[in-house]
Each structure stands twice: as C-alpha cells, then as structure tokens.
Amino acid sequence: MSAKQDEKNLQSEKSGASLPLQQMANAIRALSMDAVQAANSGHPGLPMGAADIATVLYTKFLKIDPLSPEWPDRDRFVLSAGHGSMLQYALHYLVGFADMTLEEIKNFRQLGARTAGHPEYGHAAGIETTTGPLGQGISTAVGMALAERMMNARFSDELVDHYTYVLASDGDLMEGISHEAISIAGHLKLSKLIVLYDDNEISIDGPLSLSESGDALKRFEAAGWDAVRIDGHDFDAIETAITAARKSDKPSLIACRTVIGYGSPNKQGTSGSHGAPLGEDEIALTREALGWKAGSFEVPSDLLDAWRVAGRAHASSRKAWEDRMQAQPAEMRNRFERVTAGTLPSALDEAVDSYKKQLAEEKPKWATRKSSEEVLKALVPHVPEMIGGSADLTGSNNTKTPEQAPISADDFSGGFIHWGVREHGMAAAMNGMALHGGFIPYSGTFLVFADYSRPAIRLSALMEQRTIHVLTHDSIGLGEDGPTHQPVEHLAALRAIPNVNVFRPADAIETLECWQLALQAEKTTSVLALTRQGLPMVRDYEERNLCALGAYELASGGADAEVTLMASGSEVEIALQARDMLKQDGIHARVVSFPCMDLFEKQPAAVKADILGNTKIRIAVEAAIQMSWDRYLREQDCFIGMEAFGASAPANQLFEHFGITAEAIAEAARKGLA
C-alpha cells in the first residue's frame, strides 16, 4: 500500500467519533480548569477557548500513534502558545500517551512532574519542542516543515510525507521573530505547514485593540500564505478549513475566532481567564454551563474511550509505514535510520585525522573563518546530513561548500539554505530541523549579531539539540566596520548559557578539532567564534583531539616556568610572541590555548589544575571583556583585553590602540614578577 493510499484510507477511519465532538472538547476544558485550580497557577483561558480546534485536529487529522511517539513519519504538533500547556497535557492523557497519566495532570506545575508550566521537550512523549517564549514555537515549526520537505526529497513519499500543525496565539504573531519565520515559510512554499491561530482578541492587558490594529490575514497573504478566518467553535468549519489547507500549494493560516475561557459564565471573553485560576465557584458555574457532571479530574468512561479510539486511529498507518521501510533497499533503510538517529558516519574520524595531517604539513595562514570553510569542504562529503546556511553573509561566514546546492521552493534536495537577513528566524528554524531529525543544521552570521539569535540558541541548549552556529568577525580584529560590528561582551554572554560549547580556535588545526567536537556533541549546542583576520599555524599534528580538553598547554615553559599565558583564538599568536620576548629576558613562560572554556569546566579538578599550572602569575588574554576569565585568575593575576567598545580602524592599529599586544603582555608579566 502506498503512503498516499494509506493516508486516504485512514482519513475514512477518522470520519468521526461515536460521541459528539462538543463533549470530547469539554473533557479538555474540564481537565484544564481543574489542573490550573489545583496548582493555583497557570493559564486556563487558552485551553478552554481552543479545545474545539484541538478536538477536530486530533480526532480527524493528526497522524500520530501514542504507543509509538517517535515514529519518524508522524505529523508534528507545536503548541506555540506554550502558556496554554494544559491543552496539550489534557490531549495527551485523553489520546493515550502512556507517560501522561491522570496523576501527572493532577501534579500540573509541580516539581518533577512531566506537566511543566510550559511544554518542555524531553519531559513527556509527544512534545515536539519547548515553547513558552512567544514566537519561538511557530518559528521552530518552520524548521520542522522545511526538514520534512528536505527528507522527502531524499527518501520519497514512501518514507516521509507528513504535516506540521501549529496552534499560535496573538502574542506569537506580535513577536518580531514570527515575521521572519512566516517570510521564510512563504518564500519556500512550505505547503505542509498549517498554523491554527487562536484569534480570541484578548491579551494579558485586556482587549487586543489596546496594542494591535493590523490585519494578520493580509500580513500572511503578503508573505505568500493562504489565509482564512473561521468560527473557532464551529466543528464543521474547522474541519473544512483544515481539509482545504492540506490541499494548498502554500503554507496556510487558519484564523480561528474563539472565546477565551469558553464556558466560564463570568470570565469568558476577558483577560481574567488568561493567566489565573478561575476559582472554585466559577469552576462550578462553568461545569453547569457546559453540562459537565463529572467530578474534579474525572472523565466519563465513554468519553475517555472515544478519545482513546481516536488516539489509536493511525496505528495501522504506522504499521504500514514500517512495512514500507522494511521493503526499502538496505542502503536506503540504513541511511534513513542512521540520520534520523543522529549517528555520525564511521568514516568521519578517519577524514578528520587525514585532513589534520595535511594541515600540519601545509601550515596555512588562514583566518579561522577560512579554516572553517576548508574543514567543511573536507567533512561535508562524509556527513551529507550537515545542512549549511547563512543570514545573507555567505561570502563572509564561509559556510557554503561547492557541492551544497541551495534549497529552493522548487528543489529541496540541496544542502544550503539562504536564510536572508533573519538571524532569529534562522536560529529557531535550525532548532526545528534538529528536532525533526535527519539533519545537523549549521548556519552563520557575525558574532555581534548573535544578540538577534540568542533566545533561539538558549532554547536549543535547553532542549539539548545539536545546532551549530558559525559566528565570524569575532573581535576588534574585524577592523574598519567599527564598534557596531565588533563583539566585546558576546563571548561572555554566550559562555553564560548552560549547555552551549563556545569554541574559539586559534588556527586551522584547532578549527578542525572544534568542528569534530561540535559534530560529536549530540546533546549540546555549539558556537564557533571565528576570525576575519589571518592567523599563523600554532599547532603541529597530534592524533588526539587536544581541544576536547577545553584548554591545553600549547608551549611549555619548562620546570622553571614563572608565568602562564592563557589565550583563545587570535590572541594565542600574541601570547606566543610575548613568551618569546620574556624568554629573551630570562623569564620562562608557558602558553595555554583555551579553545573552549565550557569543555574545560567539565574536566576533573586534577586535570584542570595541571593545565592551569601554579606559576607565580597568570595572564589571560582575549580581545573581549574579562568576565569569562575571572574564575581562572587569582588575586595576583591579570587580564589583558577589552574594557569598553571598539573603534573603527584597521585591525593592527586597534590591537595596538587597546593594548592587546605582545609588548603589553610581557610588561604585565614583568610587573607581576617584580
């Protein structure tokens, strides 16, 4: 049976429930208001208002199997309006996800419960992404829908043919990131992306009209979407709109006009139902208004049975998919299973070692952004699931390899995405691609513009996703573009995010090793901070990946070493020059390269102590602020770097102007030893 025929047959299986959809929707409302009340915290308004939309989606369209939640060809559902998390938790309990028990619902928002305040990826089966920061969910979903089309281009309809559905709020559409995301989706004609907009005309402050007068439908249409408005409480209208959207050759927005807190006699349609419990008295009135006779946290058995039947409707679809998978040629089946599991090809380590030997022999004096480009040329052919991109800075970030054809609306088989000047949307879409599975996304912009993408980078780290951010022009070394483009505080800011490895390599070999580590970090987000200016080789060949320690002794000072010079990136060269100067004065200094503080912090205390050493003085050198280095500096030690914003001038003049020179380092060492 083909995937298309299988889908057609299953739609007939889901032609309707044995009980009225209104009663099934009311089960969502009851569980949501009970859970929020028990927690004395939460947002009952959205689950109650959007329950009818969700009921139609889950009973008539959504292709999932709660007993096989990781099925690769399942539809994706993203609750972008993450504050309405009880909508998703109630649905998961009702359709039969094994880990979403009634006890979990009762423990909503409690420590250790799967039912966190906002949906969190990895906490419960079926939650496709962490949401809560508005705009992130819809933007992440764009990456999921893009990944689906790209996987389809590689493996055909037989193995990849599913939709991405989003439930979004007014807040999602007001956040600037959503503008970037819908523009990307419209440009690429991601027709299997369907956004259900909970158009309830209420914000926290009150009526939406207090802050918004735009036309959401026209905005989406202008971006290349289909857009319609319907009654979000009319089950037939919801079904008709979703059916039409599934046939469109564009992404679709369905604006569902709803009543927030639907069913609550005194709070529906007001901001009072948005972010606080309804109260026991109002819940009693709501039960009466809805005709809900069951007690707190109770769902009548006939209703629960109807929901469980709906939840199992696609079990046969999943089984048919498994049969098709087994019928594939072994090479395709193995490749699909490898990339969806996120396992690196066995040939990668050999390719890294071979190229490391070549670099050690040739000793190129490249900028590390150029080194990164050359590393990608060597590695991407061995790891074709690496998908590159850039925020309209391809020639500056050096993230595209010759074999990577651009992705387009007409051809999703390529390996490079032109994101346009949309750093925030790019980073969120990368998260969606990683979450979908099948790809390792990496994309570039300037390090200073990491401020635009930081919220999505943080979510990637929170979700333990392997996304790789190539951030070039990493210091005052970029020169004449001046302080608006020269990052000063950015390394410290990125290093402050848990579960982000910030790599700042010093030469081509360190760049290669850092790329290898980023690829191997399956549950960690990586940043590669790379130079615009050329750098000499400071490393010789060694089979071990020294950067894996986070820091290592690059140049020894011998048994008589009195000074330890610590540096990252372009300042390693300067530290080595200072070492030579000090040697002429009879002062023995050692140099420690610090390509990744985050990995260094994971080393055992004894290893860290050995690498840092116990010389009389340590000097840290980085063309950035001191903040990251304080933990390695003692009272007698010092830092040489930036204390304020940069300036516009050639790079060599700037390093001299700001005192980041070998002479300054040597003088600081002499003073420290005096």
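Because the structure is predicted, anything quoted here is derived from the model rather than measured.

Peer 1: Summarise the overall build of the protein; cite the residues concerned and give the values.
Peer 2: A count of helices and strands for the protein gives 26 helices and 18 strands. Relative to its length of 674 residues, the protein is compact, with a C-alpha radius of gyration of 28 Å against a globular reference of 26 Å. Judged by the C-alpha coordinates and their principal axes, the protein covers about 90 × 55 × 45 Å. Looking at the protein as a whole, 63% of its 674 residues are labelled buried. The long-range share in the protein, meaning contacts at least 24 apart out of those at least 6 apart in sequence, stands at 78%.

Peer 1: Describe the sheet that holds strand 8 (residues 386–390), naming the residues involved and giving the relevant values.
Peer 2: Strand order in the open sheet formed by six strands is 9-8-10-11-13-12, and the pairing between neighbours is parallel. The open sheet has two edge strands, strand 9 (416–418) and strand 12 (500–503), and neither has a second partner. Shown here is a sheet whose adjacent strand axes are inclined to one another by a mean of 20 degrees, direction ignored. Of the strand pairs in this sheet, strand 12 and strand 13 (residues 525–529) are connected by four bridges, and their pairing is parallel. The residue of strand 13 that forms the bridge with asparagine 501 is serine 526.

Peer 1: How would you sum up the sheet that holds strand 6 (residues 226–231)? Please name residues and give values.
Peer 2: The five strands lie next to each other as 1-2-3-7-6, forming an open sheet whose pairing is parallel. The sheet terminates laterally at strand 1 (76–79) and strand 6, the two strands that pair on one side only. Ignoring which end each strand starts from, the neighbouring axes of this sheet average 20 degrees apart. Examined bridge by bridge, strand 6 and strand 7 (residues 252–257) share six bridges and lie parallel to one another. Of the residues in strand 7, the one forming a bridge with isoleucine 230 is cysteine 256. Together, strand 2 (164–168), strand 3 (193–199), strand 6 and strand 7 form the strand contacts of helix 10 (residues 235–247), whose direction differs from that of strand 6 by roughly 170 degrees.

Peer 1: Please give an account of helix 21 (residues 508–520) that cites residues and values.
Peer 2: The end-to-end C-alpha distance of helix 21, which contains 13 residues, comes to 19 Å, matching closely the 18 Å that a straight helix rising 1.5 Å per residue would cover. Among the 13 residues in helix 21, 12 count as buried, and that is most of the element. Taken together, the buried positions of helix 21 are occupied by Ala508, Ile509, Glu510, Thr511, Leu512, Glu513, Cys514, Trp515, Gln516, Leu517, Ala518 and Leu519. For helix 21, the side-chain oxygen to backbone nitrogen distance between the N-cap and isoleucine 509 is 3.2 Å, and the N-cap itself is aspartate 507.

Peer 1: So, the layout of surface pockets: which residues are in play, and what are the values?
Peer 2: If you add up the space inside the largest pocket, you get close to 710 Å³. Taken together, the residues of the lining of the largest pocket break down into 14 nonpolar, nine polar and nine charged. Its boundaries defined by the atoms lining it, the second largest pocket holds a volume of some 310 Å³. Around the second largest pocket, the lining is made up of 17 residues, and of these Tyr197, Leu208, Glu212, Gly214 and Ala216 lie nearest the centre.

Peer 1: Any details on the packing of aromatic side chains? Residues and values, ideally.
Peer 2: Geometrically, a pair of aromatic rings is defined through the distance of the ring centres and the angle of the planes. Summed over the entire model, instances satisfying the criterion amount to 14 aromatic pairs. Consider the rings of phenylalanine 446 and phenylalanine 449, whose centres lie 5.9 Å apart with planes at 15 degrees: the pair is stacked. Judged on exposure class, the residue phenylalanine 446 and its partner phenylalanine 449 are both buried. These aromatic residues form a ring-pair network of at least three members: Phe594, Phe600, Trp629 and Tyr632.

Peer 1: I'd like a description of the pattern of salt bridges, backed by residues and values.
Peer 2: Taken as a whole and assessed by the stated rule, the structure comprises 36 salt bridges. In this structure, glutamate 385 and arginine 338 form a salt bridge, with 2.7 Å as the shortest nitrogen-oxygen distance. Residue glutamate 385 is located in the loop between helix 16 (368–379) and strand 8, and its partner arginine 338 is located in helix 14 (residues 330–341); the two are separated by 47 residues in the primary sequence. Given a relative accessible area of 6%, glutamate 385 falls into the buried group. In this structure, aspartate 585 and arginine 670 form a salt bridge, with 2.8 Å as the shortest nitrogen-oxygen distance. In this pair, aspartate 585 is assigned in the loop between helix 22 (571–584) and strand 16 (589–593) and arginine 670 in helix 26 (residues 662–673), connecting sequence segments 85 residues apart.

Peer 1: Got a sec to walk through the environment of lysine 60? Specific residues and values, please.
Peer 2: Structurally, lysine 60 can be placed in helix 3 (residues 45–60). With relative accessibility at 7%, the residue lysine 60 sits in the buried group. Here the alpha-carbon distance between lysine 60 and glycine 261, two residues 201 residues apart in the chain, equals 24 Å.

Peer 1: Tell me about the confidence of the model for the protein, and please be specific about residues and values.
Peer 2: Mean pLDDT over the protein: 96, with 97% of residues reaching 70 or higher. Long-range and interchain partners of residues 1–18, a stretch whose pLDDT sits below 50, account for 40 contacts in this model, where long-range means more than four residues apart.

Peer 1: Can you tell me about the side chain of threonine 511, naming the residues and giving the values?
Peer 2: Topologically, threonine 511 is positioned in helix 21. If near-sequence neighbours (up to four positions away) are discounted, threonine 511 is found in contact with Thr368, Ser371, Ser372, Val375 and Pro505.

Peer 1: I'd love a proper account of the packing of helix 2 (residues 21–39) against helix 3, names of residues and values included.
Peer 2: Any two packed helices are characterised by how steeply their axes cross, that is the angle between the axes, and by the distance between the axes. Relative to each other, helix 2 and helix 3 sit at 130 degrees, their axes nearing to 8 Å. Between helix 2 and helix 3, the interaxial angle falls into the category oblique. Where helix 2 crosses over helix 3, the two elements pack in a sense that is right-handed. Between helix 2 and helix 3, the contacting residues are Leu21, Gln22, Met24, Ala25, Ile28, Arg29, Ser32 and Met33 on the first element and Pro47, Met48, Ala51, Asp52, Ala54, Thr55, Val56, Thr59 and Lys60 on the second. Class assignment of the residues belonging to the contact of helix 2 with helix 3 gives a composition of 10 nonpolar, four polar and three charged.

Peer 1: Break down the pairing of strand 10 (residues 440–446) for me, citing the residues and quoting the values.
Peer 2: A large share of strand 10 lies buried, amounting to seven of its seven residues. Pairing of strand 8 with strand 10, which is carried by three bridges, proceeds in the parallel orientation. Residue methionine 386 lies in a different strand from strand 10, and its bridge partner there is isoleucine 440. For strand 10 and strand 11 (residues 468–472), the ladder comprises five bridges, and the chain directions are parallel. Within strand 11, the position partnered with phenylalanine 446 by the bridge is threonine 472. Each parallel crossover has a hand, and the one from strand 10 via helix 19 (residues 450–462) to strand 11 is right-handed.

Peer 1: Quick one: what's the story with unusual backbone geometry, residue by residue and with numbers?
Peer 2: With the exception of glycine, the majority of residues adopt a negative phi angle, and the majority of peptide bonds are in the trans configuration. Here the phi dihedral of asparagine 398 falls at roughly 60 degrees; this positive angle occurs in a residue that is not glycine. Tracing the backbone shows asparagine 398 in the loop between helix 17 (394–397) and strand 9. Its identity is not glycine, yet glutamate 464 carries a phi of approximately 60 degrees, on the positive side. For glutamate 464, the position within the fold is in the loop between helix 19 and strand 11.

Peer 1: Give a detailed account of the nonpolar core, specifying residues and quantitative values.
Peer 2: In terms of nonpolar packing, the biggest core is built from 70 residues, with Leu379, Met386, Trp515, Leu519, Leu565, Ile619 and Ile660 touching the most fellow members. Here the element with the most residues in this core is helix 21; it accounts for eight residues. Not counting residues up to four positions away in its chain, the partners in contact with isoleucine 660 are Ile476, Glu571, Ile574, Val621, Ala623, Ile640, Gly641, Met642 and Phe655. Ranked by size, the runner-up nonpolar core spans 62 residues in total, among them Ala39, Leu91, Ala124 and Ile194.

Peer 1: Can you break down the side chain of arginine 504 residue by residue, with the values?
Peer 2: Within the secondary structure layout, arginine 504 lies in the loop between strand 12 and helix 21. Excluding residues within four positions of it along the chain, arginine 504 makes contact with Asp474, Ser475, Leu491, Glu510, Ala529, Ser568, Gly569, Ser570, Glu571, Phe594, Pro595 and Glu622.

Thresholds applied
- Residues numbered from 1 in each chain as written.
- Predicted model: local features only at pLDDT ≥ 70, side-chain atom pairs only at ≥ 80, totals over all residues.
- Heavy atoms only, no water.
- Helix = DSSP H or I, 4+ residues; strand = E, 2+ residues; numbered from the N terminus.
- Rg over C-alpha atoms; globule rule 2.2 N^0.38 Å.
- Buried < 20%, exposed > 50% of the residue type's maximum accessible area, 1.4 Å probe, protein only.
- Contact = heavy atoms within 4.5 Å.
- Pairing = 2+ DSSP bridges.
- Axes fitted to C-alpha atoms, helices over the stretch in contact; angles between N-to-C directions.
- Expected span 1.5 Å × (residues − 1).
- Polar contact = N/O pair within 3.5 Å; in protein donor to acceptor, adjacent residues only side chain to side chain.
- 1 Å grid on protein atoms, 1.4 Å probe; cavity = no way out; pocket = protein on both sides within 12 Å on 5 of 7 lines; lining within 4 Å.
- Points joined across faces, edges and corners; volume = space filled by probe spheres on them.
- Nonpolar A, V, L, I, M, F, W, Y, C, P; charged D, E, K, R; others polar.
- Phe/Tyr/Trp six-rings, centres within 6.5 Å; stacked < 30°, edge-to-face > 60°.
- Salt bridge = Lys/Arg side-chain N within 4 Å of Asp/Glu carboxyl O.
- pLDDT = per-residue confidence, 0-100.
- Parallel < 35°, antiparallel > 145°, perpendicular 65-115°, else oblique.
- Left-handed = near helix turned anticlockwise from the far one by under 90°.
- Right-handed = clockwise from strand over helix to strand, strands pointing away.
- Core = buried A, V, L, I, M, F, W, Y, C linked by side-chain atoms within 4.5 Å.

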